[in-house]
Amino acid sequence: ARPPVNMHSFLPDADKDMLEYSSDSDDEIIGMDDDLIVAQNQQLLQFVVTNDMDAGVNESNADNASSSSSNSNNNVTTQQQQQDQAQANTDTSTDAQPQETETNGFVHMKPEKIQRVSWQLADSDSEEEGATAEEIFNIEPAIEATRDQPPDIHVGAEVVDVKFHPSTNLLAVATLDAEVVCYKYSTDETSEVYSSEHHDLAVRAIHFSKDGSYLLSVSKDKSVAVIDTETFNVKRHYKDAHEVPVYSVYSVNENIFATGDDEGTLKLWDMRRKQHVFSYKCGEDTVNGIISDDAGKTLVAAVNDGSIAAFNCAKRKLIVQSEMYDYPMSCLAVVRNGTRLAVGSDNGVMHLFKWGEFSYHVDNVTDAPQQLNCMEAVGDNRLITGCEDGYIRAVNLYPHRFVGVVGRHQKYGVEGISVSCDQRYLASCNQDDTVLFWDLEHLYGVDTDPRKKGNKIRDQKNNLRSARERNIEDFFADMTEDIPSDEEYTGPVDKPKNVE
């Protein structure tokens, strides 16, 4: 750094005011070009010498004063040429142009604030313009780049339920804006193929039939609609299907489906008839979920008052209602080749009932961190659960163990999940306007050895490869345990001679 120069010592008192600058102004010496500073110092020194010469000559001889004045003018002309050269050099280095003021033949330079320079890539960098960081540094791609899944869908309205078609790449979405929207999906894009507003109020739930020929939707306006998936026309619209808003729906077979409302009433419907064929009051609270076996003989409903109710679909009567639990039953799934019924609850406990014996559970998976809002079976003994804390977790049964985190929603709890027909993708929603896709391919490769004891706290937060977040320990995954040395191994070091 150049030490500061006190120019006041070179000037008479009358000329010091010309160099006075306010500390609060923008006239700072920092950032000025070196050539400009040198030029100004030369001008200042020349000005001091010239004034001293003029003063001495004026006292001795007036004629010499006239000659000295002529030389001073020549010097000023020379100074102006130097200033013009310094100004040209300054223009090539910065866009800021100094301002000139002239007083008594002395040129004052007041530089403005230095502007930022926009840097451009050199010609040597143009060859790597299209290269990725992995290609430039020869490293493995990030985990996020290895996932092969459809892009997320931005619906534009709050989504409350999602369902995959049982045989084609079709996804249905229910919104709070009374819309049912269907999308075609692939790994490259998603496109809207149908949108209907046949409901007057928010759509609560949707469900495809077993063969995928129609789509069911229920609404807060107390109605039930049947949509043909070939033409996307509304085949049936049962208005005032319930006395209160309808909350859940399930297709038993190609003709029979069931619905549940906010006051615990379950109804069976036959599409060949205009009215329901069976109705039963399961409790005083909402019917949160409905499910049946593959044959469609037995139907089970989860009630918000803390019980489940089983029905015989053929005889259209109640089989049994379970004992009352202290917490609501929220969701259902059939596992273990149809021999077990998994029931999720609001306190995070998952109960396992033996199919056909629904009075009381035979096993449970406890200590879930948050209430279970929804669940889907993946394979024979694994479940994917959507929780109120926004996490989507995979759970293994027999042995009961948390496999890891499939994904996570940043806002709100998970309201609905669905598994695609090929068991490859998972779609989820959480009452915002976006449907997220998750790749389940990596889930099937996770082994849960029953001989090894799992770590429940660690597994609940262990992000699988499908998740969009990494584990903390993955930061050191690429580091090798043994660091090679540049020195050759010469054998063991000889011990000192004075040691026996």
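Residues numbered from 1 in each chain as written. Predicted model: local features only at pLDDT ≥ 70, side-chain atom pairs only at ≥ 80, totals over all residues. Heavy atoms only, no water.

> Is there a simple way to think about the side chain of Lys267 in this case?
Relative to the assigned elements, Lys267 resides in strand β14 (residues 265–270). Although Lys267 lies buried, it forms no salt bridge, and the closest oppositely charged side chain, Asp261, sits 6.2 Å away as judged by the N-O distance. Looking at Lys267, its side chain comes within polar contact range of the main-chain oxygen of Ala241, at 2.8 Å. Other than its neighbours up to four places away in sequence, Lys267 contacts Ala241, His242, Phe257, Ala258, Thr259, His276, Phe278 and Ser279. (Helix = DSSP H or I, 4+ residues; strand = E, 2+ residues; numbered from the N terminus. Buried < 20%, exposed > 50% of the residue type's maximum accessible area, 1.4 Å probe, protein only. Lys, Arg positive; Asp, Glu negative; His and termini not counted. Salt bridge = Lys/Arg side-chain N within 4 Å of Asp/Glu carboxyl O. Polar contact = N/O pair within 3.5 Å; in protein donor to acceptor, adjacent residues only side chain to side chain. Contact = heavy atoms within 4.5 Å.)

> Help me out: how do you make sense of a negative patch on the surface in this one?
A surface patch of like charges, here negative, comprises Glu158, Asp177, Glu197 and Asp433. Relative to the helices and strands, Glu197 resides in the loop between β7 (190–196) and β8 (203–208). Given the relative accessible area of 55%, Glu197 is considered exposed. (Patch = residues over 30% accessible without salt bridge, like charges linked within 9 Å, V, L, I, M, F, W, Y side chains within 5 Å. Areas by Shrake-Rupley, 256 points an atom, 1.4 Å probe, with all protein chains shown as cover. Charge placed at Lys NZ, Arg CZ, Asp CG, Glu CD.)

> Just checking my understanding: could you explain the environment of Asn288 for this structure?
Inspection of the secondary structure puts Asn288 in strand β16 (residues 287–292). Among the residues examined, Asn288 registers a relative accessible area of 18% and is labelled buried. As a C-alpha pair, Asn288 and Tyr247 span 41 residues in sequence and 6.9 Å in three-dimensional space. Those residues in contact with Asn288 that lie beyond four places of it in its chain are Tyr247, Ser248, Ala302, Val303, Asn304, Met329 and Ser330.

> Explain the UniProt feature "repeat: WD" (unreviewed entry) in the protein to me, please; I cannot follow it from the model alone.
The sites that UniProt annotates as "repeat: WD" (unreviewed entry) are residues 196–231 and 239–279. Overall, residues 196–231 shows 0% helix and 50% strand. The separation of its end C-alpha atoms is 12 Å. (UniProt positions renumbered as here; feature names shortened; annotations may be inferred.)

> Sorry if this is basic, but what is going on with the packing of aromatic side chains here?
The description of an aromatic ring pair rests on the distance of the ring centres and on the angle between the ring planes. Scanning all chains against the criterion turns up 13 aromatic pairs. Between Tyr325 and Tyr327, the ring centres sit 6.0 Å apart and the planes meet at 40 degrees, which makes this aromatic pair tilted. Across the pair, exposure class does not vary: Tyr325 and Tyr327 are buried alike. Judged by centre distance (5.1 Å) and plane angle (90 degrees), the rings of Trp355 and Phe358 are edge-to-face. Both residues of the pair, Trp355 and Phe358, count as buried. Through pairs of rings, three or more aromatic residues link up here, namely Phe164, Tyr185, Tyr425 and Phe437. (Phe/Tyr/Trp six-rings, centres within 6.5 Å; stacked < 30°, edge-to-face > 60°.)

> Help me understand the nonpolar core in this model?
Side chains of a nonpolar character, in soluble globular proteins, are inclined to be buried together. By size, the foremost hydrophobic cluster in this structure holds 31 residues, and its most contacted members are Leu299, Val300, Ile308, Leu341 and Phe358. Per element, the largest residue contribution to this core is five residues, and it comes from strand β17 (residues 298–303). Contact partners of Phe358, with chain neighbours within four places excluded, come to Thr298, Val300, Ile308, Ala310, Val320, Ser322, Leu341 and Phe353. (Core = buried A, V, L, I, M, F, W, Y, C linked by side-chain atoms within 4.5 Å.)

> Help me out: how do you make sense of the pattern of salt bridges in this one?
Between side chains of opposite charge, a pair can form when the charged atoms approach closely. Applying the stated rule across the entire model yields six salt bridges. Ionic pairing is found between Asp262 and Arg204, a salt bridge with its closest N-O pair at 3.2 Å. Remark: Arg204 occurs in strand β8 and Asp262 occurs in the loop between β13 (256–261) and β14; sequence separation between them is 58 residues. Here Arg204 falls in the partly exposed class, since its relative accessible area comes to 22%.

> I tried to follow the side chain of His165 on my own but got confused; where do I start?
The topology assignment puts His165 in the loop between β4 (159–164) and β5 (170–175). In this structure, His165 is in contact with Leu170, Phe208, Gly212, Thr229 and Cys421, ignoring residues within four places of it in sequence.

> Help me out: how do you make sense of the sheet that holds β8 in this one?
Two strands in a sheet stick together by hydrogen bonds in their backbones, pointing the same way (parallel) or opposite ways (antiparallel). Across the sheet, which stays open at both edges, the four strands sit in the order β8-β9-β10-β11 with antiparallel pairing between neighbours. If you trace the sheet from one side to the other, it starts and ends with β8 and β11 (234–238), each paired once. Neighbour to neighbour, the strand axes of the sheet diverge by 15 degrees on average, direction disregarded. Note: strand β10 (residues 224–228) against β11, four bridges, orientation antiparallel. Following the sheet pairing, Val224 is matched in β11 by Tyr238. (Pairing = 2+ DSSP bridges. Axes fitted to C-alpha atoms, helices over the stretch in contact; angles between N-to-C directions.)

> Is there a simple way to think about unusual backbone geometry in this case?
Glycine aside, negative phi is the norm for most residues, and most peptide bonds take the trans geometry. Across the junction of Tyr398 and Pro399, the peptide omega takes the value 5 degrees, indicating a cis bond. Examined against the element boundaries, Pro399 turns out to sit in the loop between β26 (391–396) and β27 (401–408).

> I tried to follow the pairing of strand β25 (residues 382–387) on my own but got confused; where do I start?
For a regular strand, side-chain orientation follows a simple rule: the groups alternate between the two sheet faces. Among the six residues in β25, six count as buried, and that is most of the element. Burial of β25 is two-sided: the residues Arg382, Ile384 and Gly386 facing one way and the residues Leu383, Thr385 and Cys387 facing the other way are all buried. Pairing analysis gives five bridges linking strand β24 (residues 372–377) to β25, with the strands arranged antiparallel. Within the sheet, the bridge partner assigned to Ala377 lies in β25 and is Leu383. The pairing of β25 with β26 spans five bridges and is antiparallel. Counterpart to Ile384 in the pairing with β26 is Ala394. Counting the residues in the hairpin turn of β25 and β26 gives three residues, including Gly390, whose phi is positive at 90 degrees.

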